[in-house]
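As a plain string of letters, each chain reads:
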Amino acid sequence: MGTYAITGSASGMGYHTAQKLRARGHTVIGVDLHDAEVIADLSTPRGRQTAADEVLAAAGGVLDGAVLAAGLGPGAGNRLIAEVNFLGVVEPLTAWRPALAAADRAKVVVLASNSTTTVPAVPRRTVDALLAHDTDRAVRSIRLLGSNGSALMYSASKTAVSRWVRRQAVTPAWAGAGIRLNALAPGAIMTPLLETQLASPREGAAVRRFPIPVGGFGDPGQLADWICFMLSDSADFLCGSIIFVDGGTDAFFRTDDWPRTLPLRRLPGYLWRFARGPGHA
Ligand code: NAI
């Protein structure tokens, strides 16, 4: 049986994942603002440090997996979104990496979102600022965009965290150390986060109008099944993937955008990576 850290374990997809893992006999160290083994506010540097330290202490320095599900939806305020959805993922995860490497075949699932590919005009500078861990610059970069800024910051935070996953996953420190790092990109899933959005007249109307080819909203228990699968031994060969489970919205909007063959101008970088290889830990 394994030991798993789950942020956002008190609600929604994090809660359902924790329940399923516990039912299978695993130990779950939940991290949340309330109703969790570790109470920590991931919007502050101190809270993120508490989450990092207390999980490592509770796990005894060995983690079989982690799920980074704590997150805030559009409407929460740009700074909070940047702090929780980006730094609240990458800082604890970076601190837990040695404990994940100490386990046999550890798996990590980061909760991204299909807003990464379906929300238009997300400023690249915001994503870059987040990847540089500069939340002040990220907030400034979006300040003039008015009431739409929050949706853009949400999408930017999920794009940044997805890029971070893809960049880190393939390196000697992660893949080479036996850790499988991947992300799940859900569409609209019926959780308290979505309920809050639906309750707001402006946001709710936008969410209801958003095209979902299969119809309806996703079920958090089903998403938890995907997460549990991505934590299982069956996912040994999954590395740096962003798995969309969104009722078809990404395929609807971005039909021919992906997979995309490598453009000629990218060939030098490709050949350089080809010659160098992924390396080992
Ligand atoms: P939820 O609102 O049901 O649960 C999120 C949990 O994160 C809550 O327990 C909350 O207390 C915790 N949290 C929020 N701020 C925190 C903080 N500062 N410190 C510690 N914990 C904090 O949300 P849901 O829907 O289960 O979302 C899980 C993840 O999936 C989030 O990252 C969200 O952005 C993402 N997602 C959700 C979608 C949806 O439609 N529900 C769609 C796409 C992505």
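As a reminder, the structure under discussion sits directly above these lines.
Keep in mind the model is a prediction, meaning the values are calculated, not measured. (Residues numbered from 1 in each chain as written. Predicted model: local features only at pLDDT ≥ 70, side-chain atom pairs only at ≥ 80, totals over all residues. Heavy atoms only, no water.)

1. A look at the site of the ligand
Part 1 of the reasoning: Around the ligand sit 29 residues in total, of which Ser11, Asp32, Tyr154, Lys158 and Thr191 are the nearest.
Part 2 of the reasoning: One of the backbone nitrogen or oxygen atoms of Leu42 is found 2.9 Å away from a nitrogen atom of the ligand.
Part 3 of the reasoning: Residue Ala69 places a main-chain N or O atom 3.4 Å away from an oxygen atom belonging to the ligand.
Part 4 of the reasoning: In isolation the ligand offers 830 Å² of accessible surface; the protein chains occlude 93% of this area.
Part 5 of the reasoning: The set of elements that each furnish at least two residues to the shell around the ligand consists of helix 1 (12-23), helix 7 (149-169) and helix 8 (192-199). (Near = heavy atom within 4 Å. Polar contact = N/O pair within 3.5 Å; in protein donor to acceptor, adjacent residues only side chain to side chain. Areas by Shrake-Rupley, 256 points an atom, 1.4 Å probe, with all protein chains shown as cover. Helix = DSSP H or I, 4+ residues; strand = E, 2+ residues; numbered from the N terminus.)

2. Details of the packing of helix 1 against helix 10 (residues 220-231)
Part 1 of the reasoning: In the contact formed by helix 1 and helix 10, the axes pass within 8 Å of each other and the chain directions differ by 60°. With respect to helix 10, the element helix 1 is oriented oblique. Relative to helix 10, the crossing made by helix 1 is right-handed. Where helix 1 abuts helix 10, its residues Gly12, Met13, His16, Thr17, Lys20 and Leu21 lie against Pro220, Gly221, Leu223, Ala224, Asp225, Ile227, Cys228 and Leu231.
Part 2 of the reasoning: Considered class by class, the residues forming the contact of helix 1 with helix 10 number eight nonpolar, four polar and two charged. (Axes fitted to C-alpha atoms, helices over the stretch in contact; angles between N-to-C directions. Parallel < 35°, antiparallel > 145°, perpendicular 65-115°, else oblique. Left-handed = near helix turned anticlockwise from the far one by under 90°. Contact = heavy atoms within 4.5 Å. Nonpolar A, V, L, I, M, F, W, Y, C, P; charged D, E, K, R; others polar.)

3. Here's the deal with the nonpolar core
Part 1 of the reasoning: Residues Leu93, Trp96, Val108 and Val110 are the most contacted members of the largest nonpolar core, which totals 49 residues.
Part 2 of the reasoning: Looking at this core, the element that brings in the most residues is helix 3 (residues 78-101), giving 10 residues.
Part 3 of the reasoning: When neighbours within four sequence positions are excluded, Trp96 is seen to be in contact with Ala5, Thr7, Ala51, Ala52, Val55, Leu56, Leu63, Ala66 and Leu68. (Core = buried A, V, L, I, M, F, W, Y, C linked by side-chain atoms within 4.5 Å. Buried < 20%, exposed > 50% of the residue type's maximum accessible area, 1.4 Å probe, protein only.)

4. A few points about helix 5 (residues 124-131)
Part 1 of the reasoning: Those residues of helix 5 that sit buried are Thr126, Val127, Ala129, Leu130 and Leu131.
Part 2 of the reasoning: Looking at the buried positions of helix 5, the neighbouring elements they touch are helix 3, helix 6 (135-142) and helix 7.
Part 3 of the reasoning: Count one or two residues on from helix 5 and you reach His133, which has phi positive near 60°.

5. Structural notes on the sheet that holds strand 7 (residues 242-245)
Part 1 of the reasoning: With parallel pairing, the seven strands of this open sheet are ordered in space as 3-2-1-4-5-6-7. Only two strands of the sheet have a single neighbouring strand rather than two, namely strand 3 (38-39) and strand 7.
Part 2 of the reasoning: Relative to strand 3, strand 2 (residues 27-32) runs parallel, the two being bridged by two bridges. By the bridge assignment for strand 3, Val31 is matched with Val38.
Part 3 of the reasoning: Docked against the sheet, helix 3 engages strand 1 (3-7), strand 4 (65-68), strand 5 (107-111) and strand 6 (180-186), running at close to 180° with respect to strand 4.
Part 4 of the reasoning: Contacts from helix 10 reach strand 1, strand 4, strand 5, strand 6 and strand 7 within the one sheet, and its direction differs from that of strand 6 by about 165°. (Pairing = 2+ DSSP bridges.)

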